[in-house]
Amino acid sequence: KSYIGATLSQILVDDESVKSGEILVIAPTTLHDQDNWLGEVHKFSDLTLTKVESEDDFQIPSDMYIVGPERFRIMCETDTGTYNPKNVIIRKKFKCIIFDESAKLKSGTSQLTKIFHRYCYENKIPYVFLMTGLPAPNTVFQLWGQAAALGYWLGENYNAFEIRYGTPRNVT
């Protein structure tokens, strides 16, 4: 089979291990409509997709839930901006997370990146897909937020990554 562009929904249909659990899609709200995620999932699969606008939407039985990055961040935080393990989105055990337009994770110090990493790590998400259509980043440091979300060891933290990969070396 061939996959063009962001037709990840077709890959999900083919992969029974991913399909057997609930899937969370984090994507800009401009990609939630019939021309993008809703249309693609409907076109290539029999999966149901629910747009999440409040925590109550997680009560709707669905194979997939789609939420915007900022809404995801807000749903994972308390009123003071700290990570809240009691929130519905955190208690829900997703088997797969898809982050569309994952370049939003390019800052290793942003709240969204920190919360996404913690969410994936603490919930031991078995499948994490990052999608982006952007060309190569301006610096290698912009890769840390995305690659760390996949669980690759890139240093204990952003500073360790910067020392290891950002220090110029002489090649002879």
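Residues numbered from 1 in each chain as written. Predicted model: local features only at pLDDT ≥ 70, side-chain atom pairs only at ≥ 80, totals over all residues. Heavy atoms only, no water.

Draft legend 1. Main features of the side chain of E77. Residue placement: E77 occurs in the loop between α4 (69-76) and α5 (88-91). E77 sits in the buried class, given a relative accessible area of 11%. Separated by 3.4 Å, the side chains of E77 and Q111 make a polar contact. Each residue touching E77, except ones within four places of it in the same chain, is listed here: T82, N84, N87, Q111 and I115. (Helix = DSSP H or I, 4+ residues; strand = E, 2+ residues; numbered from the N terminus. Buried < 20%, exposed > 50% of the residue type's maximum accessible area, 1.4 Å probe, protein only. Polar contact = N/O pair within 3.5 Å; in protein donor to acceptor, adjacent residues only side chain to side chain. Contact = heavy atoms within 4.5 Å.)

Draft legend 2. Examining the pattern of salt bridges more closely. Using the criterion set out here, one finds 4 salt bridges in the structure. The closest approach of N and O atoms between R73 and E70, which form a salt bridge, is 2.8 Å. Of the two residues, R73 and E70 both sit in helix α4, 3 residues apart, roughly one turn of that helix. On the accessibility criterion, R73 (19% relative accessible area) is buried. (Salt bridge = Lys/Arg side-chain N within 4 Å of Asp/Glu carboxyl O.)

Draft legend 3. View of the pairing of strand β4 (residues 96-100). Most of β4 is tucked away: 5 of the 5 residues are buried. Side chains of β4 alternate between two faces, with C96, I98 and D100 and I97 and F99 buried alike. Here 4 bridges tie strand β1 (residues 23-26) to β4, and the two strands are oriented parallel to one another. Across the sheet, the residue bridging to I26 is F99, located in β4. Bridge count between β4 and strand β5 (residues 127-131): 5 bridges; the pairing is parallel. Within the sheet, the bridge partner assigned to I97 lies in β5 and is V128. One crossover worth recording links β4 to the parallel β5 by way of helix α6 (residues 111-122), and it is right-handed. (Pairing = 2+ DSSP bridges. Right-handed = clockwise from strand over helix to strand, strands pointing away.)

Draft legend 4. Region of interest: the sheet that holds strand β3 (residues 64-67). Ordered in space as β2-β3-β1-β4-β5, the 5 strands form an open sheet in which the pairing is parallel. Two strands lie at the open edges of the sheet, namely β2 (49-51) and β5, each paired on one side alone. Across the sheet, the axes of successive neighbouring strands diverge by a mean angle of 20°, strand direction being ignored. Here β2 pairs with β3 via 3 bridges, running parallel. Along β3, the bridge assignment pairs T50 with Y65. Contacts between helix α3 (residues 37-44) and the sheet are confined to β1, β2, β3, β4 and β5, with β2 contributing the most and set at about 165° to the helix. In this fold α4 packs onto β1, β3 and β4, with an angle of close to 100° to the strand it touches most, β3. (Axes fitted to C-alpha atoms, helices over the stretch in contact; angles between N-to-C directions.)

Draft legend 5. Representation of the packing of α4 against α6 in the model. For the pair α4 and α6, interaxial distance at closest approach is 10 Å and the crossing angle is 65°. Of the two possible hands of crossing, α4 and α6 adopt the one that is left-handed. On α6, the residues touching P69, F72, R73 and C76 of α4 are Q111, L112, I115, F116 and Y119. A class-by-class count of the residues in the contact of α4 with α6 yields 7 nonpolar, 1 polar and 1 charged. (Left-handed = near helix turned anticlockwise from the far one by under 90°. Nonpolar A, V, L, I, M, F, W, Y, C, P; charged D, E, K, R; others polar.)

Draft legend 6. Highlighting the pairing of β3. Burial along β3 is two-sided: the face carrying M64 and I66 and the face carrying Y65 and V67 are both buried. Pairing geometry for β1 and β3, over 4 bridges, is parallel. Looking across to β3, one finds that V25 is bridged to I66.

Draft legend 7. Up close: the nonpolar core. Residues L24, F72, I89, F116 and Y119 are the most contacted members of the largest nonpolar core, which totals 25 residues. With 5 residues, the top contributor of residues to this core is α6. Ignoring any residue separated from it by four or fewer positions in sequence, one finds Y119 in contact with L24, F72, C76, Y83, I89, I90, K92, F94, I97 and I125. (Core = buried A, V, L, I, M, F, W, Y, C linked by side-chain atoms within 4.5 Å.)

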